[in-house]
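# Observations on chain architecture
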Amino acid sequence: MRVANLDGRAVLLGDIRSLDIASASAGRFPADPQQVYASWAELCEWGEGIDVDRHPQSVDVDRTTLGPPVPRPGQILAVGLNYAEHAEESGLELPQHPLVFTKFASSLTGPDAVVRLSGQRVDWEAELVVVIGTGGRDIPAGEAWHRIAGLTIGQDISDRDVQWWGASAQFSLGKSFEGYAPTGPAVVSVAEISAGSNRDDLRVSCRSIDASGRERVLQDGRTRDLIFTIPAIIEQLSAIVELQPGDLIFTGTPSGVGQGRSPEEYLTPGLTLVTEIDGLGSIRQEFV
């Protein structure tokens, strides 16, 4: 099951069509895409077997009308340096505990977006994003996957100048400009991911396309290389923070970011960035 935000309404997303959840369920589930996570288990029971593309109430999808699938999360938590090769390219030691910061919710945008660059040193970071279903405190690692609604694709776009302001890093500010948290195209349920892929070994990649159409692979990693696994992240976060339905957790980026290159390389106006993850689809940003 794939749940998306189509023009502000929660929909099931098929390959080419979508199904309005509130209408198709006769009001059993809310139209607000943020509210569906509070009744995620019931929604899955209702929606997992629906063939969206063949449903009589489904409509064609215009991707430009897709918003962030979780539009107003109570919390956006992000883990830095969670791949060893990325820590190495950043010139930093491997963390002993998850390095956690937040991206502010005003930075969220949909899967296909035009993003205005904030400076000369704006970087890309392809990431797998976890969406919490059943929250709580002190969630053991062995129970973590049962508390997850699903997974989606994210880009942790980062202004490196702002990120490294002053003696103490400003991760949250540097990563929270308008449009710097594109997500989508949908939240894919754990059941669907587990049926089609190894949920602990998903390919995470991104590529750039310049104005002439030339493509370059920028990042290509696998989530099996996470230093802190998804269950470990949830266990450690929930020991401190009460996780809530619809919270987002950015799980870290593999190597290949612009800051880690020699010479350094950053996003420029006219460039398009395409990010893909096994079983989750793709998102696309154009930079101006």
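Residues numbered from 1 in each chain as written. Predicted model: local features only at pLDDT ≥ 70, side-chain atom pairs only at ≥ 80, totals over all residues. Heavy atoms only, no water.

## Digging into the overall build of the protein chain
Secondary structure assignment for the protein chain yields 7 helices and 19 strands. Judged by the C-alpha coordinates and their principal axes, the protein chain covers about 55 × 50 × 30 Å. Counting only residues that meet the buried cut, the protein chain has 53% of its 288 residues in that class. For the protein chain, restricting intrachain contacts to residue pairs at least 6 apart in sequence, the fraction spanning at least 24 positions comes to 74%. (Helix = DSSP H or I, 4+ residues; strand = E, 2+ residues; numbered from the N terminus. Buried < 20%, exposed > 50% of the residue type's maximum accessible area, 1.4 Å probe, protein only. Contact = heavy atoms within 4.5 Å.)

## Quick notes on empty space enclosed by the protein
Per the stated rule, a full pass over the model turns up 1 cavity of 30 Å³ or more. In terms of lining residues, the largest cavity is bounded by 19 residues, among which Leu81, His86, Glu125, Gln163 and Phe171 are the most central. Going through the elements one at a time, strand S6 (76-80) and helix H4 (160-163) are the ones with two or more residues in the lining of the largest cavity. Looking at the lining of the largest cavity residue by residue, the classes come out as 7 nonpolar, 7 polar and 5 charged. (1 Å grid on protein atoms, 1.4 Å probe; cavity = no way out; pocket = protein on both sides within 12 Å on 5 of 7 lines; lining within 4 Å. Points joined across faces, edges and corners; volume = space filled by probe spheres on them. Nonpolar A, V, L, I, M, F, W, Y, C, P; charged D, E, K, R; others polar.)

## Section: the nonpolar core
With 42 residues, the main nonpolar core has Val130, Ile148, Leu151, Ile230, Ile234, Leu267 and Leu280 as its most contacted residues. When sequence neighbours within four positions are dropped, the list of residues in contact with Leu267 reads Leu117, Val122, Asp123, Trp124, Ile157 and Phe287. Counting residues in hydrophobic clusters, the runner-up holds 26 residues, among them Val3, Tyr37, Val52 and Phe250. (Core = buried A, V, L, I, M, F, W, Y, C linked by side-chain atoms within 4.5 Å.)

## Quick notes on a nonpolar patch on the surface
Taken together, Phe104, Trp165 and Leu173 make up a surface patch of nonpolar side chains, about 310 Å² in accessible area. Looking at the element boundaries, Phe104 is found in the loop between strand S7 (99-102) and strand S8 (108-109). Taking relative accessible area as the criterion, Phe104 reaches 39% and is therefore assigned partly exposed. (Patch = residues over 30% accessible without salt bridge, like charges linked within 9 Å, V, L, I, M, F, W, Y side chains within 5 Å. Areas by Shrake-Rupley, 256 points an atom, 1.4 Å probe, with all protein chains shown as cover. Salt bridge = Lys/Arg side-chain N within 4 Å of Asp/Glu carboxyl O.)

## Description of the sheet that holds strand S18 (residues 272-277)
Strand order in this open sheet of 5 strands is S9-S19-S18-S15-S16, and the pairing throughout is mixed. The open sheet has two edge strands, strand S9 (112-115) and strand S16 (215-222), and neither has a second partner. Between one strand and the next, the sheet's axes are offset by a mean angle of 15°, whatever the strand orientation. Where strand S15 (residues 203-209) lies against S18, 6 bridges are found, and the strand directions are antiparallel. Bridging across to S18, Ser205 finds its partner in Glu276. (Pairing = 2+ DSSP bridges. Axes fitted to C-alpha atoms, helices over the stretch in contact; angles between N-to-C directions.)

## Overview of the environment of Arg203
On the secondary structure map, Arg203 appears in strand S15. Here Arg203 falls in the partly exposed class, since its relative accessible area comes to 37%. Linking Arg203 and Ala26, residues 177 residues apart in sequence, is a C-alpha distance of 38 Å. At a separation of 2.8 Å, a polar atom in the side chain of Arg203 contacts the side chain of Asp220. (Polar contact = N/O pair within 3.5 Å; in protein donor to acceptor, adjacent residues only side chain to side chain.)

## Observations regarding the pairing of S6
Of all 5 residues in S6, 5 are buried; the element is thus mostly enclosed. Strand direction decides the pairing type here: S6 and strand S17 (residues 248-250), joined by 3 bridges, are parallel. Bridging across to S17, Ala78 finds its partner in Phe250. As paired elements, S6 and S7 share 4 bridges and run antiparallel to each other. The residue of S7 that forms the bridge with Val79 is Val100.

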